[in-house]
Amino acid sequence: MTKLQSKSYQQAKVLILTEKPSVGRDFAKALGNFQNFKTHLESDKYIITWAVGHLLTPYDPEDYDKKFKKWSLDSLPIWIEDFKYRPIPTTKTQLKAVIELLKRKDLGQVIIATDAGREGELIGRLILNEVKLKIPMFRFFTSEALTTKVIERELATLRPLEDFDRLYRAG
């Protein structure tokens with residue numbers, strides 16, 4: 001447990017969200033024995049799931065206003081204040097599974113472990129935006145190869161998710 005993690009959540013499970021199944025398996029290899037499910041891995045302490053890349057895609061311009069269906073100079077620039085997203089049909093099943101895992105009552109905290117960068121941050125945050133969580137959320141952030149040593153070190157030095165808000169906005 002890091003100093004950032006609340007003692008009241010020590011008995012609850014930790015969900016780790018990765019960007020790819022292979023990264024999830026790297027975490028599981030470093031963290032012990034896991035039961036293998038189609039959409040996630042689970043141990044007594046951890047739930048590891050993945051986004052398989054992007055699970056959500058932005059609405060098309062005409063979804064905001066029909067006048068944007070046929071582009072013209074008169075309708076430019078298109079300025080969207082609040083972007084909306086919809087599930088990608090080919091990954092909809094995984095999105096549903098991740099959302100169900102995030103809603104579990106035995107969940108005490110979430111660790112976003114998507115790729116380090118704007119796109120990885122965006123992938124994780126868009127999923128979190130689908131569920132309004134009131135539990136601690138942290139960021140696992142490294143560009144190093146995910147060896148057991150690196151995973152253990154970085155899990156011990158997690159930072160609050162808010163520390164990466166600028167990276168999310170950039171994405």
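Placed above this text is the structure.
Here goes a summary of the coordinates provided. Keep in mind that this is a model prediction, so the values were computed, not measured.

What counts, and where the lines are drawn
Residues numbered from 1 in each chain as written. Predicted model: local features only at pLDDT ≥ 70, side-chain atom pairs only at ≥ 80, totals over all residues. Heavy atoms only, no water. Helix = DSSP H or I, 4+ residues; strand = E, 2+ residues; numbered from the N terminus. Buried < 20%, exposed > 50% of the residue type's maximum accessible area, 1.4 Å probe, protein only. Contact = heavy atoms within 4.5 Å. Areas by Shrake-Rupley, 256 points an atom, 1.4 Å probe, with all protein chains shown as cover. Lys, Arg positive; Asp, Glu negative; His and termini not counted. Charge placed at Lys NZ, Arg CZ, Asp CG, Glu CD. Salt bridge = Lys/Arg side-chain N within 4 Å of Asp/Glu carboxyl O. Core = buried A, V, L, I, M, F, W, Y, C linked by side-chain atoms within 4.5 Å. Pairing = 2+ DSSP bridges. Phe/Tyr/Trp six-rings, centres within 6.5 Å; stacked < 30°, edge-to-face > 60°. Lys NZ or Arg CZ within 6 Å of the ring centre and 35° of its normal.

1. Details of the overall build of the protein
Counting its secondary structure elements, the protein contains 6 helices and 9 strands. Seen through its principal axes, the protein has C-alpha atoms that stretch 60 × 30 × 30 Å. Buried residues in the protein amount to 43% of all 171 residues. Taking the intrachain contacts of the protein between residues at least 6 apart in sequence as the baseline, contacts between residues at least 24 apart amount to 71%. Of the accessible surface of the protein, which amounts to about 10500 Å², a share of 51% is contributed by carbon and sulfur atoms. Of the charged side chains in the protein, 29 are positive and 23 negative; the average position of the first set lies 3 Å away from that of the second.

2. A word on the pattern of salt bridges
Counted under the stated rule, the structure contains 13 salt bridges. Glu144 is the partner of Arg153 in a salt bridge, and the nearest nitrogen-oxygen pair spans 2.3 Å. Residue classification places Glu144 among the partly exposed residues on the basis of a relative accessible area of 40%. Members of the salt-bridge network, linked through shared partners, are Lys13, Glu42, Arg104 and Asp106.

3. Quick notes on the nonpolar core
In terms of nonpolar packing, the biggest core is built from 23 residues, with Leu15, Leu102, Leu107, Val110, Ile127, Leu128 and Leu133 touching the most fellow members. Contributions of two or more residues to this core are made by strand E1 (13–18), helix H3 (92–102), strand E7 (107–113) and helix H4 (118–129). Ignoring anything within four residues of it in the chain, the contact list for Leu15 reads Ile47, Thr49, Leu101, Leu102, Leu107, Gln109, Val110 and Ile111. Membership of the second largest hydrophobic core comes to 18 residues, among which are Ile16, Ile48, Phe138 and Phe140.

4. Brief notes about the sheet that holds strand E2 (residues 35–36)
Pairing in this open sheet of 7 strands is mixed, and the strands run E2-E3-E4-E1-E7-E8-E9 from one edge to the other. Edge strands, defined here as strands with exactly one partner in the open sheet, are E2 and strand E9 (159–160). In this sheet, strand E3 (residues 40–42) lies alongside E2 in antiparallel orientation, the contact comprising 2 bridges. Pairing of Gln35 across the sheet is with Glu42, part of E3.

5. Overview of the pairing of strand E4 (residues 46–50)
Most of E4 sits inside the fold, with 5 of its 5 residues counted as buried. Across the two faces of E4 the burial is the same, with Tyr46, Ile48 and Trp50 and Ile47 and Thr49 all buried. One ladder, built from 5 bridges, connects E1 with E4; its direction is parallel. Its bridge partner lying in E4, Ile16 is registered against Ile48. Count of turn residues in the E3/E4 antiparallel hairpin: 3 residues.

6. Section: the packing of aromatic side chains
Enumeration according to the criterion identifies 3 aromatic pairs in this entry. For the pair Phe27 and Phe140, a centre-to-centre distance of 4.9 Å together with 70° between the ring planes defines the contact as edge-to-face. Of this pair, Phe27 sits in helix H1 (residues 21–31) while Phe140 sits in the loop between strand E8 (137–139) and helix H5 (148–155), placing them 113 residues apart in sequence. No difference in accessibility class separates Phe27 from Phe140, as the two residues are buried. For Arg86, the ring lying beneath its charged end belongs to Tyr59, and the centroid distance is 4.9 Å. The positively charged end of Arg139 is found above the aromatic ring belonging to Phe164, 6.0 Å away from the centroid.

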